[in-house]
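Analysis of the macromolecular model
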Amino acid sequence: MSAVVPAAARSAGRRAPQSRLEAVAGTAFALPAAILILAVLIVPLMVLAVLSFTDYRLGAVGMKAVGLDNYAALFADGVFRRSLTNTFLYVAIVLPVSVFGALFIAILVQARARTRSFYEVVYFLPVTSTLVAMATVWQFMLHPALGPVGTLSVDLGFGRVDLLNDPDLALLALAAIGVWQVIGFNMVLFMAGLSVIPRDLYEAAALDRAGGAVDRFLTVTWPMLGPTTMFVTITSSITAFKVFDTVVVLTRGGPLGSTETLLYVLYLEGFQYFRIGYAAAMTMVLLAFLVALSVLQAFALDRKVHYQ
Amino acid sequence: MRARGLVLPLASHAVLATGAVVMLAPFLWMLLTSIRPPAEVFGTVFRLWPDNFWGAENYWHALTVGRLPRTMLNGAIVCAGILVVQLLVCIPAAYALAKLEFGFNRLLFGLVLVGLCIPIQVPALPLYIALAEAKLLDTYFALMAPFFLSVFGIFLFRQFFRGYPSEIIQAARLDGMREFEIVWRIVLPSARPAIAAFSVFSVVAHWNDLYWPLIVVTSGDLATPPLGILAFRDTETGGNYGALMAGAAIVTAPMVLAFLAARRTFLRGITMTGLK
Amino acid sequence: MRLRGIGKAYGSTGVLHALDLDVRAGEFLTLVGPSGCGKSTLLRIIAGLEVQDAGSVEIGDRSVDDLLPGDRDVAMVFQSYALYPHLSVGRNIATPLEMQRLTLAERLPLLRSLSPRRPRIMRGIRAEVAAVAAQLRIDHLLERKPGQLSGGQRQRVALGRAMVRQPRLFLMDEPLSNLDAKLRVHMRGELADLHARLGATFVYVTHDQAEAMTMSDRIALMDSGRILQLGTPADLYDRPGSLAVAQFIGGPPINVIDALADGGGGVSVGPVALPVPCSLPAGTPIRLGIRPEAVELAGATDGESGLLPARLHRAENLGAEWILQCVLAGGDLLAARLSGAAYNAAALRPGSAVLLRIDGPHVHVFDVQGRRVPASAVSLAAGAA
């Protein structure tokens, strides 16, 4: 390509109008987004990282570098450690129930002809509703004296239980609400995954004498849903990891710190006690978890694209 | 064979119906309580349907004693403001990323991908400090600013525009259109489904969001619906459950009704991502 | 329109190599070649949609390198038609005129209603759109959306959108390739008529040699980013400059068999001496390009020399004529084109032994590199005259 006719040298030196136009238009179109992404994401992220090595407090005149002190304090802090345990416990409950429950419901709903869209709406309803509002309803529902759950519990012979004020059960109650909120979302994702499984695979399975419901599930549905399951699992764990609203509305971390979760503790440290440097270190830990999950998700998405 | 053909659907219906009752129970309880007089709420005898219809009183109480209407208005303003800026920023940027060659194309897209895995809780501290320094806390701007940029929106629209036939864009260039005209005359009308889906995603997320408003709003004047419910509950401690349930119904109604009205768009919009 | 030393590369892959081409005003020039030969890229460079790495494009004696696609006064018909999916047929055709005649302010919503001259301009545009639509017989479709049209109708709308601008240059990128076979043949005729009626310059890209042969004034046959040969359809058919050109043009394809120059002004295929004029030294290996119509059946009893013995492999009935696929003694295939009457008279079956007479002066002689051997060109010119 270096053998260029002399007449060409002229246009090779200058940029052609179409390229120039694309460069100018592209820059103009992308500039607001680029500025905003710097302002609300990249710069804050860098500031955050720096803050996590300081003893900055809001309103303080100066600050000094404290190295890894914040991180050391963090892992020595019983509250933080408990919040991590609680968060993982919460995820460990919500995740399997919301994923496998959603898969089970999705398969049942998918098979319904007339009532399918009815169930779809019913199970999805909690996803669109305002969680804070619905949490206050749950609080009332779980009220030991006034709520139907309390009444039911007495009728069934369990006696009066006060789920939200029982240190052993409060997190479980939050997890149940978490499942209630997210299961419809997962169900819809699974239904989308189910709808793209080719029918002839089931027919082939039937010819191979794998005609029963369990056989069909094990030979066709489960393997074909692999990528969807991966995706649902990771998005659900991110959602569960960020549990916050129900804690604020229902327990405020109690009773006895049994529902202190990562985000709730972070919120208190950063925006109630204004120990910014300490909270920044905590945020960095949160970020590490989220990035790890997102990287997993990227791999899952890659596989999903690959399958289809 | 015949027997199983009958048993399985019945069992499946039973499971689904039981689940549906659990899913709907809070909604039903909310609505039933919201029309119950206080005496029946605290009564010892449980009746599903109230003896005395108290709906008017409860809803009137929720609308007048608390500041719910104001918080709903705030919610609408914040959601609309966020959505408008998001669309204005995202769509041109996404078009440029998808169809134009310019200097920092790859770099910007790389940042977008990074941004996809960072929720608001991460930059919240520095943003809060910046807003505090600028004396902008407790303003509509503070409520909206962190969300003006939706990396998810850029990502979504970029994917959509990449699928748009380049030949049509070339035809428009030959017809003499400039790039911004191509975006709003040619590409935008075809992007309506994507815009609708993204709008649902955005509005639902910010109407329901608690974390950020809880941080930047201190005065009641700017409370968003979730904050409004919290405040209303705290003023009604131990008291008027009927009105509280009426308030919850009022706050959650816009999203639920919109969902029932535009089910397909909603499902597409919200399931576009797990990053709720 | 002329191209000077156009070069283009994607990364390290050269797509076009210092390509020169002159297109005469008012002519129908076809760029034809196998897929990936660079013809579509070249067309997009002419339009300004892609930017060449080297060289320049001139339209009407003026370089258009510094003009945007929309300012080059060229119209293009795309393979996918590229109609605006959300606009009606009428608005699709009107768009280029609106862009030309309305200022930016007059195109913006709200603001446009302030312009006093806009209604008059829009009336003019509507009249021109109607006239073009009538010419293309799509005037009853003006209110439809492209999605509601058949392939042939979309094709006409795309043509209309190009015609309405009355451009100096029409560029067409495989516009017929998405149509079914029958409609494609029909549209070939319509496009040729359209060109005659408009008198504008057409540059037409296709991979189909039949389209190139039937419509063009001249054909530029491209391969691997270069023009192999530029000439009239007759030039390319009768005087292919290389074996590649000979093989690309013509259907059924030309027969290629290996031979040796005999040193006495002729050639030999195995033991058979053929009356093909060739002045190369004896023993020079050559390749013969023999069109199926230059092969005919010889009666077995003639006793004349220079006949190729072969065996009939398969006979293909094309209706008016037959194509006989014969196998030579050496195993080479040779196709012969025969009239129905001649085929019936010969009463052949697969496996029958046949003798083939070769029309020597119409045989193309190439060297082993596939270049035309000049000596034969001289004698062929004499033979054709």
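Position labels on residues start from 1 in each chain and follow its written sequence. Note on labels: chains are lettered from A, ligands numbered from 1, in written order. Only residues with pLDDT of at least 70 are given local features in this predicted model, and only at 80 or more are side-chain atom pairs given and counted; all residues enter the totals for whole chains, interfaces and linings. Note that water and hydrogens are dropped before the side-chain values are worked out from all heavy atoms of the structure.

**Some thoughts on the overall build of chain A**
The line we're drawing: Secondary structure is summarised from DSSP: a helix means a run of H or I of at least four residues, a strand means a run of E of at least two, and numbering begins at the N terminus for each. Throughout, radius of gyration means the C-alpha value; the globule benchmark is 2.2 Å times the number of residues raised to the power 0.38. Residue burial is assigned from relative accessible area. The probe radius is 1.4 Å, only protein chains are included, and a residue is buried under 20% of its type maximum, exposed over 50%, and partly exposed in between. Every residue pair with non-hydrogen atoms within 4.5 Å of one another is taken to be in contact. Only the protein chains shown count as covering a residue, and every accessible area follows the Shrake-Rupley method with a 1.4 Å probe. By the counting scheme adopted, Arg and Lys are positive, Glu and Asp are negative, and His together with the chain ends is not counted. Think of each charge as sitting on NZ of Lys, CZ of Arg, CG of Asp or CD of Glu.
When you go through chain A residue by residue, the secondary structure sums to 14 helices and zero strands. Counted from the first residue to the last, chain A has its helices and strands arranged as α-α-α-α-α-α-α-α-α-α-α-α-α-α. Taken over the C-alpha trace, chain A has a radius of gyration of 27 Å; the compact-globule value for 308 residues is 19 Å, which it surpasses by more than 25%. With the C-alpha coordinates aligned to their principal axes, the bounding extent of chain A is approximately 95 × 75 × 30 Å. Counting the 308 residues in chain A, one finds 53% classified as buried. Sequence separation of at least 24 residues holds for 68% of the intrachain contacts in chain A that already meet a minimum separation of 6. Of the roughly 13,800 Å² of accessible surface on chain A, a fraction of 67% belongs to carbon and sulfur atoms. Taking the average location of the 20 positive side-chain charges in chain A and that of its 17 negative ones, the two points are 11 Å from each other.

**Observations regarding the pairing of strand S1 (residues 2–10) of chain C**
Residue and element names in this part refer to chain C. Put simply, the test is: Strands are treated as partners if at least two bridges between them are detected by DSSP.
Direction of pairing for S1 relative to strand S2 (residues 13–22): antiparallel, over a ladder of six bridges. Note on S2: the bridge partner recorded for Ala-9 is Gly-14. Joining the antiparallel neighbours S1 and S2 is a turn of two residues, in which Gly-11 adopts a positive phi near 60°.

**As for the state of the cysteines**
Short version of the rule: The definition used for a disulfide is geometric: two cysteine sulfur atoms within 2.5 Å.
Within this structure, the stated rule accounts for zero disulfides over all chains. B:Cys90 forms no disulfide, and the closest cysteine sulfur to it belongs to B:Cys79, at a distance of 15 Å.

**Section: the confidence of the model for chain A**
All names here are of chain A. Stated precisely, the cut-off is as follows: pLDDT measures how confident the predictor is about each residue, on a scale from 0 to 100.
In the predicted model, chain A carries a mean pLDDT of 84, and 92% of its residues have values of at least 70. The secondary structure element of chain A with the lowest average pLDDT is helix H1 (residues 9–13), at 42, and the one with the highest is helix H4 (residues 78–111), at 93. Considering only residues more than four positions removed or in separate chains, one finds that residues 1–13, a stretch of pLDDT under 50, has 19 contacts.

**A few points about the confidence of the model for chain B**
In the predicted model, chain B carries a mean pLDDT of 86, and the fraction of residues at 70 or more is 93%. For this predicted complex, the interface score ipTM comes out at 0.86, alongside a pTM of 0.85.

**Here's the deal with the pairing of strand S11 (residues 255–261) of chain C**
In regular strands, side chains alternate between the two faces of the sheet. Residues and elements named next belong to chain C. The element S11 is largely enclosed, with a buried count of five among its seven residues. Relative to strand S14 (residues 285–290), S11 runs antiparallel, the two being bridged by six bridges. Bridged to Leu-260 within S14 is Pro-285. The hairpin formed by S11 and strand S12 (residues 267–269) contains five residues between the paired strands, and Gly-263 there has a positive phi angle of roughly 80°.

**Brief notes about the interface of chain C and chain B**
The cut-off we apply is this: The term buried area denotes the loss of accessible surface (1.4 Å probe radius) that occurs when two parts are joined, taken as the sum for both partners. Salt bridges, as used here, are contacts in which a Lys or Arg side-chain nitrogen is within 4 Å of a carboxyl oxygen on Asp or Glu. Counted as a polar contact is a pair of N or O atoms within 3.5 Å, where, for protein atoms, one must be capable of donating a hydrogen and the other of accepting one, and residues adjacent in sequence contribute only when both atoms are in side chains. Under the grouping applied here, Gly and all other residues not named as nonpolar or charged are polar, the nonpolar ones being Ala, Val, Leu, Ile, Met, Phe, Trp, Tyr, Cys and Pro and the charged ones Asp, Glu, Lys and Arg.
On the side of chain B, 19 residues touch chain C, which itself brings 30 residues to the contact. Here chain C packs against chain B, burying approximately 2,000 Å² in sum over the two surfaces, 58% of which is carbon and sulfur. The largest per-residue losses of area from chain C upon contact with chain B belong to C:Tyr84, C:His86 and C:Met99, which jointly make up 27% of the total buried on that side. For the interface between chain C and chain B, the tally reads five salt bridges. At the junction of chain C with chain B, the criterion picks out ten residue pairs in polar contact (both at pLDDT 80 or more). Breaking the side of chain C that touches chain B down by element, the ones donating at least two residues are helix H1 (39–47), strand S6 (74–77), helix H2 (89–101) and helix H3 (104–107) of chain C. Residue contributions to the side of chain C that touches chain B peak at five residues, all from H2(C). Taken together, the residues of the side of chain C that touches chain B break down into 17 nonpolar, five polar and eight charged.

**Concerning a nonpolar patch on the surface**
Applied cut-off: To count toward a patch, a residue needs a relative accessible area above 30% and no salt bridge. Like charges then connect within 9 Å, nonpolar side chains (Val, Leu, Ile, Met, Phe, Trp, Tyr) within 5 Å.
A cluster of nonpolar residues, A:Leu38, A:Val43, A:Met46 and A:Val47, forms a patch on the protein surface that exposes about 320 Å² of accessible area. Counting through the fold element by element, A:Met46 comes out in helix H2 (residues 17–51).

**A word on the sheet that holds S12(C)**
All names here are of chain C. Stated formally: Orientation is described by lines fitted to C-alpha atoms, with helices fitted over the stretch in contact, and by angles between N-to-C directions that extend from 0 to 180 degrees.
Across the sheet, which stays open at both edges, the five strands sit in the order S13-S12-S11-S14-S20 with antiparallel pairing between neighbours. Two strands in the sheet have a free side with no partner beyond their single neighbour: strand S13 (272–274) and strand S20 (364–367). For this sheet, the mean inter-axis angle between neighbouring strands, taken without regard to orientation, is 45°.

**What to know about the domain arrangement of chain A**
Residues and elements named next belong to chain A. For clarity, the threshold we go by: Here the bounds of each domain stem from an automatic or database domain assignment.
In terms of domains, chain A is made up of domain 1 (1–51) and domain 2 (69–302). On a C-alpha basis, the centroid separation for the pair domain 1 and domain 2 is 42 Å. At the junction of the two partners, domain 1 supplies four residues and domain 2 supplies seven residues. In this assembly, domain 1 packs against domain 2 so that about 410 Å² is buried in total across both faces, 83% of it on carbon and sulfur atoms. Linking domain 1 to domain 2 there are zero salt bridges. Counting every contact that joins domain 1 to domain 2 gives zero residue pairs in polar contact (both at pLDDT 80 or more). Tallied by class, residues from the side of domain 1 that touches domain 2 come to four nonpolar, no polar and no charged.

**Some points on the packing of helix H10 (residues 213–224) of chain A against helix H11 (residues 226–241) of chain A**
If you want to describe how two helices pack, look at the angle between their axes and the distance between the axes. Residue and element names in this part refer to chain A. Using the following cut-off: In these notes the angle categories are as follows: under 35 degrees is roughly parallel, over 145 is roughly antiparallel, 65 to 115 is roughly perpendicular, and the rest is oblique.
Axis separation between H10 and H11 bottoms out at 4 Å; the angle between their running directions is 50°. When the axis of H10 is compared with that of H11, the two are oblique. Only Gly-226, Pro-227 and Thr-229 of H11 make contact with H10, whose side of the interface consists of Trp-222, Pro-223 and Met-224. When the residues that make up the contact of H10 with H11 are grouped by side-chain class, the tally is four nonpolar, two polar and no charged.

**Quick notes on the interface of chain B and chain A**
Each partner contributes residues to the interface: chain B has 87 residues there, and chain A has 89 residues. With both chains or domains summed, chain B and chain A bury close to 7,800 Å², and 79% of this area falls on carbon and sulfur atoms. Of all residues in chain B, the largest losses of buried area upon contact with chain A belong to B:Leu16, B:Met23 and B:Leu125, amounting jointly to 9% of the total for that side. For the interface between chain B and chain A, the tally reads three salt bridges. A:Glu22 is the salt-bridge partner of B:Arg173, the closest N and O atoms lying 3.6 Å from each other. Along the contact surface separating chain B from chain A lie 14 residue pairs in polar contact (both at pLDDT 80 or more). A total of 17 residues in the side of chain B that touches chain A trace back to one element, the largest contributor, which is helix H1 (residues 2–33) of chain B. The class makeup of the residues in the side of chain B that touches chain A is 66 nonpolar, eleven polar and ten charged.

**Section: helix H13 (residues 262–272) of chain A**
In terms of residue burial, H13(A) counts as a mostly covered element, since ten of its eleven residues are buried. Just downstream of H13(A) lies A:Phe274, where phi reads positive at about 55°.

**Considering the pattern of salt bridges**
For the structure on display, the rule yields 34 salt bridges over all chains. Among the ionic pairs, B:Glu181 bridges to C:Arg107, the shortest N-O distance being 2.4 Å. With one member in each of two chains, B:Glu181 in helix H10 (residues 179–190) and C:Arg107 in helix H3 form a pair that bridges those chains. Take B:Glu181 and C:Arg107: they sit in the same class, and that class is buried.

**Some thoughts on the side chain of C:Gln52**
All names here are of chain C. Its location among the elements puts Gln-52 in the loop between H1 and strand S4 (54–59). Look at Gln-52 and you get buried, because its relative accessible area is 9%. In terms of polar contacts, Gln-52 uses its side chain to reach the backbone carbonyl oxygen of Gly-55, at 3.2 Å. A polar contact is formed between the side chain of Gln-52 and the side chain of Asp-65, at a distance of 3.1 Å. In this structure Gln-52 touches Ile-6, Gly-7, Lys-8, Ile-45, Val-57 and Asp-65, once residues within four positions along its chain are discounted.

**A word on the packing of helix H5 (residues 105–116) of chain B against helix H8 (residues 151–162) of chain B**
Residue and element names in this part refer to chain B. The condition that has to hold: Crossings are sorted by hand: turned counterclockwise from the far helix by less than a right angle, the near helix makes the crossing left-handed, and turned clockwise it makes it right-handed.
Where H5 meets H8, the axes come as close as 8 Å, and the angle between the chain directions of the two elements is 120°. As summarised for this structure, H5 and H8 are arranged oblique, according to the angle between their axes. For the element pair H5 and H8, the recorded crossing hand is left-handed. Judged by residue contacts, Phe-109, Val-112, Leu-113, Gly-115 and Leu-116 of H5 engage Val-151, Phe-152, Ile-154, Phe-155 and Arg-158 from H8.

**Focus on the environment of C:Leu236**
Mapped onto the secondary structure, C:Leu236 falls in helix H8 (residues 233–238). If we ignore the near neighbours within four places in the chain, the residues touching C:Leu236 are C:Ile219, C:Leu221, C:Gln229, C:Leu230, C:Gly231, C:Val245, C:Ile249 and C:Arg291.

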